[in-house]
Number of protein chains: 2
Amino acid sequence: MTTQHETDQLITAAHAAFELSKDVTPRVRSDWLEGTAAGLEAEADELVGLAMQDTHLDEGRLRGELKRSVFQLRLFAQEILRGEHLGATVDHEDPDWGMGPRPDIRRLNIPIGVVGVFGASNFPFAFSVMGGDTASALAAGCAVVHKIHDGHRALGLRTGEIVTRALKSAGAPAGLFSTVTGREAAETLVEHPLVKAIGFTGSTAGGRALFDRAAARPEPIPFYGELGSINPVFVTEQAWNQRRDQILSAYAGSFTVGMGQFCTKPGLLFAPAFDAEEVGALLQHELRSHQSSPMLSSRLREGFGQALASVQGSEGVGVLVAGDDAEAPQPTVLTTTGDVIRQRPELLEQEMFGPATLMVQYEPGTRLADFAALLEGQLTATVHAEPGEDLTDLVTALRARSGRLLWNGWPTGVTVTYAQQHGGPYPATTAPGMTSVGTAAIGRFLRPVAYQSFPAAQLPPPLMDDNPWGITRRVDGQWVPAAREARS
Amino acid sequence: MTTQHETDQLITAAHAAFELSKDVTPRVRSDWLEGTAAGLEAEADELVGLAMQDTHLDEGRLRGELKRSVFQLRLFAQEILRGEHLGATVDHEDPDWGMGPRPDIRRLNIPIGVVGVFGASNFPFAFSVMGGDTASALAAGCAVVHKIHDGHRALGLRTGEIVTRALKSAGAPAGLFSTVTGREAAETLVEHPLVKAIGFTGSTAGGRALFDRAAARPEPIPFYGELGSINPVFVTEQAWNQRRDQILSAYAGSFTVGMGQFCTKPGLLFAPAFDAEEVGALLQHELRSHQSSPMLSSRLREGFGQALASVQGSEGVGVLVAGDDAEAPQPTVLTTTGDVIRQRPELLEQEMFGPATLMVQYEPGTRLADFAALLEGQLTATVHAEPGEDLTDLVTALRARSGRLLWNGWPTGVTVTYAQQHGGPYPATTAPGMTSVGTAAIGRFLRPVAYQSFPAAQLPPPLMDDNPWGITRRVDGQWVPAAREARS
């Protein structure tokens with residue numbers, strides 16, 4: 001466990017590294033990210049081996065997750081060469097500006113400083129030491145102190161060593177990235193005056209407690225927390241009639257992948273009233289090939305058991321597929337009716353983090369948007385429908401409550417792209433305007449600064465008239481696309 | 001005073017209006033903003049007259065401020081036609097995407113819902129009922145319930161009536177905008193579940209109290225508060241030697257404009273050690289034409305007196321220009337030395353909201369960046385220097401602590417443009433990544449949503465392949481500029 005004193009030293013070193021490196025060119029920073037990607041790739045076998053021991057997840061999944069993390073670093077390395085994250089905006093002096101003469105004013109995003117990142121248990125690569133939060137904070141130009149999740153400490157420490165070495169080889173200043181462990185370090189991280197933002201992925205209870213601390217600081221700081229989500233799926237009558245078996249098959253796969261320990265697990269599915277015996281048998285059949293493995297930690301196992309028991313024990317909830325109490329639990333599918341949900345909508349708020357899901361049977365003709373209106377904030381919401389169906393009402397209601405909408409798909413699997421949005425209203429996240437996945441995640445760790453009436457020679461390069469970095473900028477209100485090749 | 005019950009009704013009506021209007025085209029919404037601008041313009045004489053009674057500010061200043069507010073509405077009306085605020089991003093399906101096949105995924109910003117806006121006392125138009133926060137929230141597509149500042153209630157109520165009528169004439173749904181007064185309404189606004197963000201301009205103490213409430217809600221909401229700022233000015237030795245008198249003249253004008261009741265008032269100026277008698281006489285001379293008027297409220301007058309007395313009574317602080325205790329106080333200029341500041345940097349944290357400022361005399365050869373490092377977060381920071389001087393250290397230190405940097409200018413006067421940044425680290429604001437002035441302010445009241453694998457016909461217009469609204473979008477990583485004329 002890292003002590004408060006040690007954590008303070010690492011944060012201070014991170015701040016010094018940030019001061020040294022905050023103004024390096026995108027090319028230099030991009031090389032650091034590329035170096036880190038290569039460093040992780042080179043040690044993939046060792047890392048995947050450690051991850052298998054720490055997490056009980058299978059090798060294929062872990063290799064895929066590491067590949068994703070490496071890809072993400074390279075995508076961000078390319079993104080910052082384009083200078084997108086800088087948001088460079090140039091307004092030249094204008095004596096005829098409508099409200100009175102306008103001075104020359106130019107805006108640029110700058111990195112905010114040291115970022116504290118809390119890794120999640122369930123993605124030991126993608127949302128951990130060198131996951132999306134760390135990658136986006138480093139891409140932004142920040143320094144990172146990463147709190148390793150207790151669930152994969154050996155892997156976390158080793159990943160930290162590899163990243164530290166790779167950054168050093170690539171020429172980054174010592175201290176730009178470091179890791180800490182334990183509760184004392186976690187609290188120090190959230191409260192340290194030199195820490196300017198927090199990235200967090202984890203439970204609603206844990207995340208909210210840290211959010212409250214961040215908000216209560218003498219200087220409150222942004223807390224980008226990704227917390228809980230049920231990820232409802234709505235199946236229309238037409239879709240159910242057309243392709244029920246196919247939907248059930250994919251559903252069974254999606255809610256059990258990674259033992260249901262995905263923040264995007266479909267924990268809730270609305271379908272027209274069905275024959276419980278028949279659907280139960282179909283799901284049982286689909287789940288026959290499922291290989292249960294122990295959950296990520298005994299704490300998660302215990303929490304899953306409690307949440308499942310609570311939903312399962314609720315009046316009006318029945319069992320379609322019975323799981324068990326094993327350390328590596330078999331999947332459970334519960335069911336209830338639309339009437340029960342209307343009477344006790346709080347059933348929609350109980351996340352069962354593990355291999356369990358709840359099917360709500362609605363009466364044919366029911367307005368699905370009315371159920372959507374009962375939902376809390378979600379990371380995702382999904383509809384299954386047939387061509388030609390008008391789902392405007394439902395989609396609009398779901399849009400108001402989630403960060404990503406899917407059509408005839410499944411929410412597990414979150415690609416890293418320019419358009420990705422992994423976020424949503426509380427309790428899905430504590431910052432609904434932000435995403436923790438995709439290139440837009442970089443923007444969380446930046447802050448705009450305007451330069452007014454600066455002499456040409458004193459402007460930072462992204463704001464100079466001749467645009468030496470060749471980035472896309474908005475000039476006097478018009479976008480000027482980047483030169484094809486970044487020149488920095 | 002609006003009761004809790006009345007406030008609840010207005011918020012509920014605002015939510016209903018939001019639901020009705022959240023998906024109108026930019027053209028329709030733009031027309032609402034244009035209609036509001038025209039409505040205010042048509043009643044300018046009456047509004048300025050009311051404002052003069054309520055605030056003691058002079059007619060010229062108030063007419064300029066109203067012109068600014070009207071211009072701002074029209075600029076935002078144009079901005080949303082371009083669709084900038086939508087952040088439309090399209091990633092087509094890509095089977096060869098580096099981390100594995102990428103589904104079609106498209107992101108769009110949507111309005112967040114009802115916004116509570118708290119008007120400031122010191123700008124009865126620009127930061128009040130139809131000021132920057134309201135204008136940007138309406139431009140974003142949100143509904144607004146505005147808490148009128150007690151300091152100009154008659155003006156606020158009348159402005160509210162004019163805006164409500166103008167919006168109605170333009171075709172906006174009833175309830176989209178309304179006003180409330182009093183403390184009970186203020187608290188209801190911050191705590192109401194249907195309110196999804198707060199815009200606030202005011203004191204650090206008042207803003208922090210409301211921020212704490214917003215953060216402590218069951219569903220915490222973004223609180224965009226613009227609080228306190230001292231707005232330091234650094235004059236280099238060369239600049240002082242070259243143009244001391246000119247600097248003092250402009251300084252005297254800047255710190256007394258609006259009776260010093262500007263959030264961007266230069267409350268602090270660092271200059272090389274000088275002859276106090278000579279500089280005091282020069283300032284006295286520059287201030288001879290200053291016409292004091294009563295401050296905005298007796299509460300502000302009292303607070304100003306206390307803050308001034310506290311700084312003035314500090315050991316090592318002297319008086320260059322003596323003000324007085326009048327209801328309409330004469331300007332005060334205090335002075336101290338770099339040594340005193342180094343020993344008691346907390347002197348840099350005392351905002352004197354009114355016509356007073358503190359000049360810090362530094363020893364020739366002093367590293368100015370060391371003083372900058374002692375500052376809290378600021379809205380602005382200014383340097384006065386001569387051509388050829390290298391101020392990289394100082395500018396870098398100021399950049400880390402402020403939202404806008406000025407070169408050889410004065411911070412009062414905040415133009416509304418694309419590149420403007422009116423924000424900064426705490427306590428300047430509670431959301432350092434945001435601006436409350438300029439077109440970028442609209443983004444505060446939006447939230448991204450991604451659409452994954454949606455059929456073409458089910459996509460919202462900004463994300464359709466044929467880009468029917470003709471807006472600037474990022475497509476597969478590349479920016480595609482808007483059609484020259486928005487087609488919506």
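Above this text sits the structure in question.
We now turn to the structure provided with this report. The structure presented is a predicted model; accordingly, all values stated were derived computationally and were not measured.

Reading the values: rules and limits
- Residues numbered from 1 in each chain as written.
- Chains lettered and ligands numbered in written order.
- Predicted model: local features only at pLDDT ≥ 70, side-chain atom pairs only at ≥ 80, totals over all residues.
- Least-squares fit on C-alpha atoms with pLDDT ≥ 70 in both.
- Pairing = 2+ DSSP bridges.
- Helix = DSSP H or I, 4+ residues; strand = E, 2+ residues; numbered from the N terminus.
- Axes fitted to C-alpha atoms, helices over the stretch in contact; angles between N-to-C directions.
- Contact = placed C-beta atoms within 7 Å.
- Buried ≥ 20, exposed ≤ 12 C-beta atoms within 10 Å, placed from the backbone.
- Parallel < 35°, antiparallel > 145°, perpendicular 65-115°, else oblique.
- Nonpolar A, V, L, I, M, F, W, Y, C, P; charged D, E, K, R; others polar.
- Expected span 1.5 Å × (residues − 1).

## Thoughts on the relation of the copies chain A and chain B
Thinking step 1. For the pair chain A and chain B, the best superposition has an RMSD of 0.0 Å and corresponds to a rotation of 180 degrees with a translation of 0.0 Å parallel to the axis. The two molecules are tied by a two-fold rotation axis, judged by turn and shift. Taking C-alpha positions as reference, the residue of chain A nearest the rotation axis is A215 of chain A, located at 3.3 Å.

## Side note on the sheet that holds strand 5 (residues 177-180) of chain A
All names here are of chain A.
Thinking step 1. Pairing in this open sheet of five strands is parallel, and the strands run 5-4-3-6-7 from one edge to the other. Strands at the two margins of the open sheet, each flanked by one partner only, are strand 5 and strand 7 (223-226). Each strand of the sheet is rotated relative to its neighbour by a mean of 15 degrees, with strand direction disregarded.
Thinking step 2. Of the strand pairs in this sheet, strand 4 (residues 143-147) and strand 5 are connected by four bridges, and their pairing is parallel. Residue pairing across strands places K147 opposite V180, the latter belonging to strand 5.
Thinking step 3. Most of the contacts of helix 7 (residues 183-191) go to strand 4, to which it runs at about 145 degrees, and overall it touches strand 3 (114-118), strand 4, strand 5 and strand 6 (195-201).

## Digging into unusual backbone geometry
Residue and element names in this part refer to chain A.
Thinking step 1. Here the residue pair Y426 and P427 is connected by a cis peptide bond, since its omega of 10 degrees sits within 30 degrees of zero.
Thinking step 2. The phi angle at H56 is positive, at roughly 65 degrees, despite the residue not being glycine.
Thinking step 3. Within the fold, H56 resides in the loop between helix 3 (44-55) and helix 4 (59-82).
Thinking step 4. For H56, a count of 18 C-beta atoms within 10 Å gives the class partly exposed.
Thinking step 5. The backbone of N467 shows a phi angle near 45 degrees, a positive value even though the residue is not glycine.

## Quick look at the packing of helix 3 of chain A against helix 6 (residues 153-169) of chain A
For any two helices packed against each other, the geometry comes down to the angle between their axes and how far apart the axes lie.
Residues and elements named next belong to chain A.
Thinking step 1. Orientation of helix 3 relative to helix 6, taken along the N-to-C sense of each, is 155 degrees, at an axis distance of 8 Å. Viewed along their axes, helix 3 and helix 6 adopt a mutual orientation that is roughly antiparallel. On helix 6, the residues that touch L47, L50, A51 and D54 of helix 3 are A154, L155, R158 and T159.

## Details of the sheet that holds strand 5 (residues 177-180) of chain B
All names here are of chain B.
Thinking step 1. Strand order in this open sheet of five strands is 5-4-3-6-7, and the pairing throughout is parallel. The open sheet terminates on both sides in strands that have one partner only, identified here as strand 5 and strand 7 (223-226). Across this sheet, the average inter-strand angle for adjacent strands is 15 degrees, counted without regard to direction.
Thinking step 2. Of the strands in this sheet, strand 3 (114-118), strand 4 (143-147), strand 5 and strand 6 (195-201) touch helix 7 (residues 183-191), which is tilted by about 145 degrees from strand 4.

## Focus: the interface of chain A and chain B
Thinking step 1. Taken together, the contact between chain A and chain B spans 57 residues of the former and 57 residues of the latter.
Thinking step 2. At the level of elements, helix 4, strand 1 (89-91), strand 2 (105-111), helix 8 (204-216), strand 14 (402-407) and strand 15 (446-452) of chain A are the ones that each hand at least two residues to the side of chain A that touches chain B.
Thinking step 3. No other element matches the seven residues that strand 15 of chain A contributes to the side of chain A that touches chain B.
Thinking step 4. Its residues assigned to classes, the side of chain A that touches chain B shows 29 nonpolar, 17 polar and eleven charged.
Thinking step 5. Sheet analysis places strand 14 of chain A next to strand 15 (residues 446-452) of chain B, joined by three bridges and oriented parallel. Pairing of L405 of chain A across the sheet is with Y451 of chain B, part of strand 15 of chain B.

## Some points on the environment of F262 of chain B
Residues and elements named next belong to chain B.
Thinking step 1. With respect to the helices and strands, F262 occurs in the loop between helix 9 (237-256) and strand 9 (268-272).
Thinking step 2. Judged by C-beta crowding, with 23 C-beta atoms within 10 Å, F262 ranks as buried.
Thinking step 3. When the C-alpha atoms of F262 and T439 are compared, they prove to be 21 Å apart, with 177 residues separating the residues in sequence.
Thinking step 4. If we skip the residues at most four places from it in the chain, F262 touches N122, V257 and T412.

## Let's talk about helix 2 (residues 26-42) of chain A
Residue and element names in this part refer to chain A.
Thinking step 1. Relative to the 24 Å expected for 17 residues at 1.5 Å per residue, helix 2 spans 24 Å between its end C-alpha atoms, a close match to the ideal helical length.
Thinking step 2. Regarding helix 2, the residues found buried are P26, R29, S30, W32, L33, G35, T36, A37, G39 and L40.
Thinking step 3. Residues of helix 2 that are buried sit in contact with helix 3, helix 4, helix 5 (132-140) and helix 6.

## Here we look at the pairing of strand 3 of chain B
Residues and elements named next belong to chain B.
Thinking step 1. Across the five residues that make up strand 3, a large majority, five, are buried.
Thinking step 2. Side chains V114, G116 and F118 of strand 3 all project onto a buried face; the interleaved residues V115 and V117 project onto the opposite face, where all are buried too.
Thinking step 3. Here strand 3 pairs with strand 4 via five bridges, running parallel. Note that in strand 4 the partner of G116 across the bridge is V145.
Thinking step 4. In this sheet, strand 6 lies alongside strand 3 in parallel orientation, the contact comprising five bridges. Looking across to strand 6, one finds that G116 is bridged to I198.

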